[in-house]
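An overview of the molecular structure
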Protein chains: 2
Amino acid sequence: MSELGNKKYVYSFEEAKGVSKDIVGGKGANMAEMVSLGLPIPAGFTITTETCDMYYKNNKTYPQEVKDQIEAQLQHLEEKSGKKLGDANDPLLVSVRSGAAASLPGMMDTVLNLGLNDASVVGLATKTENERFAWDSYRRFIQMFGDVVMEVPYHDFEHALQSVKNKKGVKLDTELDAEDLKEVVRLYKEVVQNATGKLFPNNGREQLAMAVDAVFNSWNNERAIIYRRLNDIRGLLGTAVNVQSMVFGNMGETSGTGVCFTRNPSTGENKFYGEYLMNAQGEDVVAGVRTPAEIQTLNEVMPECYTELVAIYKKLEQHYADMQDMEFTIQEGKLYILQTRSGKRTAAAAVKIAIDMLHEGLINEKTAVLRVQPNQLDALLHPQLDNNAKKTGETLTIGLPASPGAAVGQIVFKAEDAHEWNEQGKKVVLVRVETSPEDIQGMVAAQGILTARGGMTSHAAVVARGMGKCCVAGAGELVIDEKAKTLSIKGKTFKEGDEITLDGSTGEVFAGKIAVADPELSGDFEELMKLADSFRKLWVRTNADTPRDAIQAKKFGAEGIGLCRTEHMFFAEDRILAVREMILADDVQGRKKALAKILPFQKSDFYELMKTLEGQPVTIRFLDPPLHEFLPTEDKDIQAVANELGVSIEKVKEKINALHEFNPMLGHRGCRLAITYPEIAEMQAEAVISAACELKKEGVDARPEIMIPLVGFKTELDFNKEVVVETAKKTMEKYGIEVEYKLWTMIEVPRGALTADEIAKSAEFFSFGTNDLTQMGMGFSRDDAGKFIKAYLEDGIFEKDPFQSIDEEGIGQLVKIAVEKGRQTRADIKLGICGEHGGDPASIDFCHRVGLTYVSCSPYRVPIARLAAAHAALKHG
Amino acid sequence: MSELGNKKYVYSFEEAKGVSKDIVGGKGANMAEMVSLGLPIPAGFTITTETCDMYYKNNKTYPQEVKDQIEAQLQHLEEKSGKKLGDANDPLLVSVRSGAAASLPGMMDTVLNLGLNDASVVGLATKTENERFAWDSYRRFIQMFGDVVMEVPYHDFEHALQSVKNKKGVKLDTELDAEDLKEVVRLYKEVVQNATGKLFPNNGREQLAMAVDAVFNSWNNERAIIYRRLNDIRGLLGTAVNVQSMVFGNMGETSGTGVCFTRNPSTGENKFYGEYLMNAQGEDVVAGVRTPAEIQTLNEVMPECYTELVAIYKKLEQHYADMQDMEFTIQEGKLYILQTRSGKRTAAAAVKIAIDMLHEGLINEKTAVLRVQPNQLDALLHPQLDNNAKKTGETLTIGLPASPGAAVGQIVFKAEDAHEWNEQGKKVVLVRVETSPEDIQGMVAAQGILTARGGMTSHAAVVARGMGKCCVAGAGELVIDEKAKTLSIKGKTFKEGDEITLDGSTGEVFAGKIAVADPELSGDFEELMKLADSFRKLWVRTNADTPRDAIQAKKFGAEGIGLCRTEHMFFAEDRILAVREMILADDVQGRKKALAKILPFQKSDFYELMKTLEGQPVTIRFLDPPLHEFLPTEDKDIQAVANELGVSIEKVKEKINALHEFNPMLGHRGCRLAITYPEIAEMQAEAVISAACELKKEGVDARPEIMIPLVGFKTELDFNKEVVVETAKKTMEKYGIEVEYKLWTMIEVPRGALTADEIAKSAEFFSFGTNDLTQMGMGFSRDDAGKFIKAYLEDGIFEKDPFQSIDEEGIGQLVKIAVEKGRQTRADIKLGICGEHGGDPASIDFCHRVGLTYVSCSPYRVPIARLAAAHAALKHG
């Protein structure tokens, strides 16, 4: 214990000034900061995240030393307030709240009004001269403590409350008087004893110890774990616990509570924004049970408090140089700030606030760029409801525009259903009276969320904005019957499975499907992107197979094509027959005959792409998938091929069977195709170079780059290279034109990475195919692993899906090895990545650190990649 | 050119003394050595392998400097012999032979009698006083030079020769006189001109230059490349060329030529062994056209020569301390040694010679061990014809016992057919009048070779012994019609496809199939194995799933089981239904019910194995393959499962479809099974530990080791480990017995190797599964790659089949990385290998160098592995 003696586990808010938020958590750090700014903060103290870590490491206990430190701070708090926990005359009541270094809104547990017991409730009544308030607080406390700390089923309390209301013949809680509430308290204690076999703890210090444990435990409840995974929050020690004197917003008409943002979190507009409820506790606002009033109206109700609040919000935003999300309470005319933190915001708001603050001189360019999370942009880049289509739609009602974007889907009423239907490939809109943290997974699965109750800061609104997901909240006209699974609006009834459309930017709700349109990006967005471009070191190319995709990607700032998958072109209706003929031919002659039919198509494909990308590189990957992917399965298609080849349908079927592979991923594909059938690579090389020659003739600056897939051996590359070089030479001679072209070597087989020094002797350009590298390196077929990857994530075998974010520890090593070995042989080797990871910010960060030249990603992720590349450059230099 | 000026490219035999055989080739080095020993060697010189290398690097040319050095040596040779190349009076004739650093018997080209032309043929006639001999030599020279150097079709010469014989009405070459042979020469020159458009070169120096080029070219002819690949001969610069004065064995009855071995190359017996032909050239003996006489009879024909030869062979064997394979020629009573080299020998001979020489004090223990090539032992370990079965067989004829072992198969008459039938999975015996180097691939493909002509040193005999393949040669009673594809023996006719059996140890040929029996190993073999054991550092375990295999492996010296594949047990008829029931069950209960049926079987399997291997480790790999490998495909089997599960056949089919995987290799298998279905691992752990407990109760020293397959993540291992540890604990508690067990972690997923430092935190034992590591690391499915791996070997993309010998450059790196990282975490980590590579000598050498603890291989390869491990230890310390 003597070792521990030196260590501080509990800090008063005053003492915590300057202590890292990794130790005292975000809330604790902010309290300390606000105290030091001289703001009106209820006194309190913070138990550190290190205590939480120790708690888990020591089998959910902590040593006496920590208990002593808590007791010392509690006594200090009692002295300062002149009140005592559990005191029968003027009791100290405290809140016990979680607070990790990163925000996990609503995911962990909170206990309010702690310190009430049979004695102190009388003290509270005397002191406040409000017996009903005291007993209502007490019954609320038992209910919350029972639920959160003692795990008593919530409905047992509801049931007990209802029985008192029934006996009295009233409907609303507010119709119960002090005597009724005493009866409720009595029944509640019975409920606790029946459910747990224990008496409700009467001792304030015992209550506190139990509440602290409960908050620590909630760090690892399911929803907190899921939230951390979804938001990629890792490496934290645990949550801190904040114990703070209670102030009451529900002490009558001069009391109230509210939540506000220093700027509009939905649009980013620089205008004070928020809501409040008079005579209410803070949880009432956040839970969305009553619909609150706009913050500006507080100026009429309590002008002094409003003026003070405005001064404080300005001070806080200036101090933190970021948009703040604040909670406040007014107790009998006195304003208290309960919390401030950087406010969550929509992507649009994030962009606008960053650029506005830059212009206001509040932040510099680097900070502005870092203020917008790359993945957030996704919401801006995806289609919005088409304005013309909206005019023809049937507007059912208008709720609050809680989170922008469009959502079209089938109605479901439960989070589980949203999840299940989504797994089945259906698009759903989750419709709830109000959402709670239990609904998280359903919200992830849904296209959008529609709630009947709750404001702009309700659970549904906050979480949806965080996810960049469309949400319409507080649509009061909705009548939802969750049991019958129906939704009625103005007499119209919708069932589960009916289609509905939401506009999260306006709050409109439409019947049926409404068409969506491409998003329009604001000038702020362009400015942010230009800033990002000025910092980033990685080039950003796009994966595109069609001029349409290429044009979209160019709009989004792509610097050329990093991956054009030629096989996609093979499937087009006018070519697939020739492709099948080629595959099923018996000999070189047969294949060449079929390839001659495909050549003009390929040439025109490449011509169009290179013309669209004039002056920019177009990287064309040669045929990659196993040939049988192109084979016909239906008799009529088999017959067509048989006719073309002039053989029997049986013969074609035999050939198809012969081409079957047990593990096509590891089979006859990629550069292996060209080794057995060089004529395929010849045809593709001829198509690329012919197109480039024709463009050059027309004065177009075409920049073809050819990419050889699946290289595991230098000898494989050499074979393919020779075919390309020879064919290119012949083709250029035919045209009498010289064109420059580059030859990329894909590194996507582990052996290719391991022998990159050898391969680099023949290769000047490596492009990492991290999809295949992940599949082979992990031994996971992406087509098959879907089922057990889910179990892997749930069991914590995986921290994240390795196909989404590159597995730095394992597969990343192969990339690093290949980069190092490639550079050993050829110091100036050019390196790119063209797997799905090229559009994932965490993977882009890795690509930057490992020193790649470019990333390539799908068109809609190009801006995300540009911003992520800038973040990486700013973070790692 | 001045740089070259300093370098010596051509050495006289005298000068070459002490020069590395890497430079002057094996034959050149031996000539130099023999010259220095004072043996009677025809004078000559050697053009180095470096010249050959330069020749290929410089587009098949070499600089003037080399030509000058050749000319200088040629002049020296002319001076020494007092003869001149092409001289009309007393011409110098030379042989031009290949000679690389490693022996490639018969694979490269040779030209004899070079220097003959229209003038010198007269000189030769005058000098030898034998006009017929001179003209016969000339026509042979044109024929050989035309064939080998000028690529004139061989049959064109045959045709011309036949026309002269027809005109004269004779049948044999010997019936032609000098005048006839002059006519043949005239016709041959026409043949050359017609076929090549060029005159036959009349100038001796031009002939020499052309012959040297031809020898260099033959270094890369197809059969030489195949031979090098088959014999794993790599890293050589090329072939040297030896130019040597001709001596003639065909100058009458006091001339002759022969081939001899200092010991019997078939049995190893320490007795002079060989054959000769009087009045013949050396090629006549090797080609097997005439059947030669036993060497001992030379003592009667030419006693002085024989005595000299005996003295020389003893000197040579003593000098080289190894069994020698010599060629000699007697020219008019004078003996010349043309060649000596370490003699090829059968496995049995290799073992006997090594042990005999050790006993004779000629070599030490290390040398004795190194004298036997591990892969050679294969021939000793495989079954021989059963002696009792032989008695009942129908003996067709008895040929020469040219290479021991047994061969049972269908008759084919062409090498191509042997190859093709073998590809179709048929076992064939190749029946030829005589074999030639063109037949190599067919010989590889055949079970055994039967020839009608040729002796113990004929091409068929030498090559078959090198391959460890059964061969009966010179079975003179055979009448073979290669065109009609029939074989007649004493009036009995066999067609292509008929079955036949050879006994290579006795020369017997049987009709039909004869049963085979396990080999009996000689005392020499045991002695060699014990010597090997005294040197090796690697332990050798075996891969065995049955007590039968385990017993065989123990006999061969296995030190425990390194891999028991439990899935093989699942396929047994009495269990497969329960296995299917388990897989197709809908829930844990259903699976557990089925597993309960499998448990007693597994327990008894493990009981038997551990009992058999008492005191030795038995490593049991938990279920590895994808579950659908066990699924029924036939309706009756599906019905059986449906009955057992009490569901409809349609439901079972649905489930089977749902279990389909696109790439099962990369799918739901290995340790992944236990993560989704822990109950499978529980059952297996219970079976292993129960069996061990029961054995311990009986006083048997059971040593179970459990192996978790396909680990790519530490978290996967941890999950599996927990299941095993918990189940083992419970099981031991049930029995009230403690047993020790070890837990092995397979490293066979590239990511597992890359993160071995992490995995080693939970693992004390790594076993490398290099089959899967190769499949995943190279992206080659072994089931599918068969087709294109062949093309890869042919195109030189692969140097060797990576599934046979570990790919050190690529996959070997993963093993090295895992070993290093594993040791970083746990310095004393134990390491093994249990893939097919565990029985491959080259791979075992790698395992030794990389520092593994043991290799595990199939029972029949255990002695090979023991010897290979000793070789590795002796070579690398």
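Scroll up for the structure.
Because the structure is a prediction, the values reported are computed rather than measured.

Scanning chain A for helices and strands turns up 37 helices and 33 strands. Taken against the 2.2 N^0.38 rule, which gives 29 Å for 877 residues, the C-alpha radius of gyration of chain A at 32 Å falls within 12% of a compact globule. With the C-alpha coordinates of chain A rotated into their principal frame, the extents come out at 100 × 65 × 55 Å. At a minimum sequence separation of 6, the contacts of chain A that also span at least 24 residues come to 70%. With an accessible surface of roughly 34,600 Å², chain A has 48% of that area assigned to carbon and sulfur atoms.

Attention now moves to the sheet that holds strand β30 (residues 742–747) of chain B. All names here are of chain B. Spatial strand order, β26-β27-β28-β29-β30-β31-β32-β33: eight strands in a closed barrel with parallel pairing. With strand direction ignored, the average angle separating the axes of adjacent strands in the sheet is 30°. Bridging between strand β32 (residues 830–833) and strand β33 (residues 854–857) involves two bridges; their strand directions are parallel. Its bridge partner lying in β33, I833 is registered against V855.

What follows is about the interface of chain B and chain A. Listed per partner, the contact involves 47 residues of chain B and 46 residues of chain A. Its largest share of buried area at the contact with chain A, chain B owes to N663, L666 and I797 of chain B, together 15% of the area lost on that side. Where D807 of chain B meets R751 of chain A, a salt bridge forms, and the shortest distance between an N and an O atom there is 2.6 Å. There are 26 residue pairs in polar contact (both at pLDDT 80 or more) connecting chain B and chain A. Counting only elements with at least two residues in the side of chain B that touches chain A, the list comes to α28 (671–676), α30 (714–735), α31 (750–754), α33 (770–778), α34 (782–794) and α35 (811–825) of chain B.

Here we take up the environment of T262 of chain B. Residue and element names in this part refer to chain B. Here T262 lies in the loop between β8 (256–261) and β9 (273–278). The spatial distance from the C-alpha of T262 to the C-alpha of D574 is 59 Å, given a sequence separation of 312 residues. In this structure T262 touches N270, K271, F272, Y313, E317, D322, M323, Q324 and M326, once residues within four positions along its chain are discounted. Among the polar contacts made by the side chain of T262, one reaches the side chain of E317 at a distance of 2.6 Å. In terms of polar contacts, T262 uses its side chain to reach the backbone amide nitrogen of Q324, at 2.9 Å.

Attention now goes to the environment of P709 of chain A. Residues and elements named next belong to chain A. By the secondary structure assignment, P709 is in the loop between β29 (703–708) and α30 (714–735). On the basis of relative accessibility, which here comes to 1%, the residue P709 falls in the buried class. Taking the C-alpha atoms as reference points, P709 and K390, separated by 319 residues in sequence, lie 46 Å from one another. Contacts of P709, omitting those with residues within four sequence positions, involve R621, F622, L623, D624, G670, C671, M746 and E748.

With 20 residues, helix α29 (residues 678–697) of chain B extends 28 Å between its outermost C-alpha atoms, agreeing within 8% with the 28 Å of an ideal straight helix rising 1.5 Å per residue. At the C-terminal side of α29 of chain B, G699 of chain B shows a positive phi close to 85°.

Strands pair in a sheet through their backbones, by hydrogen bonds, and they do so in one of two ways: parallel or antiparallel. Residues and elements named next belong to chain A. Read from one edge of the open sheet, five strands run β1-β2-β7-β5-β6, paired in antiparallel fashion. Since the sheet does not close on itself, it has two edges, and those belong to β1 (10–12) and β6 (110–114), each with one partner. On average, adjacent strands in this sheet sit at an angle of 20° to one another, irrespective of strand direction. Each of β2 (44–47), β5 (94–100), β6 and β7 (239–245) touches helix α9 (residues 204–218); the most contacted strand, β7, lies at about 145° to it.

Here we take up the relation of the copies chain B and chain A. Rotating chain B by 180° and translating it 0.1 Å along the rotation axis places it on chain A, where the RMSD comes to 0.1 Å. Such a combination of turn and shift is consistent with a two-fold rotation axis. If distances are taken from each C-alpha of chain B to the rotation axis, the shortest is found for N663 of chain B, at 2.1 Å.

This paragraph deals with the pairing of strand β22 (residues 492–495) of chain A. Residue and element names in this part refer to chain A. Across four bridges, the pairing between strand β21 (residues 486–489) and β22 is antiparallel. Each bridged residue has a counterpart across the sheet, and for L487 the counterpart in β22 is F494. Between the end of β21 and the start of β22, which pair antiparallel, lie two residues, with K490 showing a positive phi angle near 50°.

To continue, consider the packing of aromatic side chains. Considering all chains together, one arrives at 48 aromatic pairs over all chains under this definition. Ring centres of F272 of chain A and Y313 of chain A lie 4.1 Å apart, and the angle between their planes is 10°; on these two criteria the pair is classed as stacked. One end of the pair, F272 of chain A, is in the loop between β8 (256–261) and β9 (273–278); the other, Y313 of chain A, is in helix α13 (residues 303–320), with 41 residues separating them in the sequence. For the residue pair F272 of chain A and Y313 of chain A, the accessibility class agrees, reading buried in each case. Taken together, the aromatic side chains of F713 of chain A together with F780, F788, Y792 and F798 of chain B make up a single cluster linked through ring pairs. Its end group placed over the ring of Y854 of chain A, R541 of chain A keeps NZ or CZ at 4.3 Å from the ring centre.

Now for the pattern of salt bridges. All names here are of chain A. By the definition in use, this model includes 128 salt bridges over all chains. Among the ionic pairs, R541 bridges to E705, the shortest N-O distance being 3.2 Å. Placement of R541 in strand β26 (residues 539–543) and of E705 in strand β29 is noted, with a sequence separation of 164 residues between them. Side by side, R541 and E705 carry an identical accessibility label, which is buried. In this structure, a network of salt bridges that share partners links the residues D136, R139, R140, K165 and D173.

Residues and elements named next belong to chain B. A two-sided burial pattern is seen for strand β2 (residues 44–47), the buried positions comprising G44 and T46 on one face and F45 and I47 on the other. Taken together, the three bridges between strand β1 (residues 10–12) and β2 define a ladder with antiparallel strand orientation. Bridging from a neighbouring strand, S12 pairs with F45 of β2. When β2 meets strand β7 (residues 239–245), the two strands line up antiparallel, connected through four bridges.

Residues and elements named next belong to chain B. Within the fold, R575 resides in the loop between α23 (566–570) and α24 (576–584). Taking relative accessible area as the criterion, R575 reaches 10% and is therefore assigned buried. A distance of 2.5 Å separates a polar atom in the side chain of R575 from a polar atom in the side chain of D605. Setting aside anything within four residues of it in sequence, one finds R575 in contact with M569, F570, F601 and D605.

Right, let's talk about helix α37 (residues 862–876) of chain B for a bit. Residues and elements named next belong to chain B. Given a rise of 1.5 Å per residue, 15 residues ought to cover 21 Å, and the 21 Å separating the end C-alpha atoms of α37 matches this to within 8%. Of all 15 residues making up α37, twelve are buried, and the element is well covered by its neighbours. Buried within α37 are the following residues: V862, P863, I864, A865, R866, L867, A868, A869, A870, H871, A872 and A873. Immediately beyond the C-terminal end of α37, within one or two residues, lies G877, with a positive phi of roughly 75°.

Before going further, it helps to examine the environment of A550 of chain A. Residue and element names in this part refer to chain A. With respect to the helices and strands, A550 occurs in helix α22 (residues 547–555). Note on A550: relative accessible area 1%, which makes it buried. With eleven residues separating them along the chain, A550 and I561 place their C-alpha atoms 7.5 Å apart.

Right, let's get into the packing of helix α22 (residues 547–555) of chain B against helix α25 (residues 588–612) of chain B. Residues and elements named next belong to chain B. The interhelical angle for the contact between α22 and α25, taken along N-to-C directions, is 15°, at an axis separation of 9 Å. In terms of orientation, α22 and α25 fall into the roughly parallel class. Taken as a pair, α22 and α25 cross one another with a handedness that is right-handed. Between α22 and α25, the contacting residues are P547, A550, I551 and K554 on the first element and E608, L609 and T612 on the second. The class makeup of the residues in the contact of α22 with α25 is four nonpolar, one polar and two charged.

Rules and cut-offs
Residues numbered from 1 in each chain as written. Chains lettered and ligands numbered in written order. Predicted model: local features only at pLDDT ≥ 70, side-chain atom pairs only at ≥ 80, totals over all residues. Heavy atoms only, no water. Helix = DSSP H or I, 4+ residues; strand = E, 2+ residues; numbered from the N terminus. Rg over C-alpha atoms; globule rule 2.2 N^0.38 Å. Contact = heavy atoms within 4.5 Å. Areas by Shrake-Rupley, 256 points an atom, 1.4 Å probe, with all protein chains shown as cover. Pairing = 2+ DSSP bridges. Axes fitted to C-alpha atoms, helices over the stretch in contact; angles between N-to-C directions. Buried area = accessible area lost by both parts, 1.4 Å probe. Salt bridge = Lys/Arg side-chain N within 4 Å of Asp/Glu carboxyl O. Polar contact = N/O pair within 3.5 Å; in protein donor to acceptor, adjacent residues only side chain to side chain. Buried < 20%, exposed > 50% of the residue type's maximum accessible area, 1.4 Å probe, protein only. Expected span 1.5 Å × (residues − 1). Least-squares fit on C-alpha atoms with pLDDT ≥ 70 in both. Phe/Tyr/Trp six-rings, centres within 6.5 Å; stacked < 30°, edge-to-face > 60°. Lys NZ or Arg CZ within 6 Å of the ring centre and 35° of its normal. Parallel < 35°, antiparallel > 145°, perpendicular 65-115°, else oblique. Left-handed = near helix turned anticlockwise from the far one by under 90°. Nonpolar A, V, L, I, M, F, W, Y, C, P; charged D, E, K, R; others polar.

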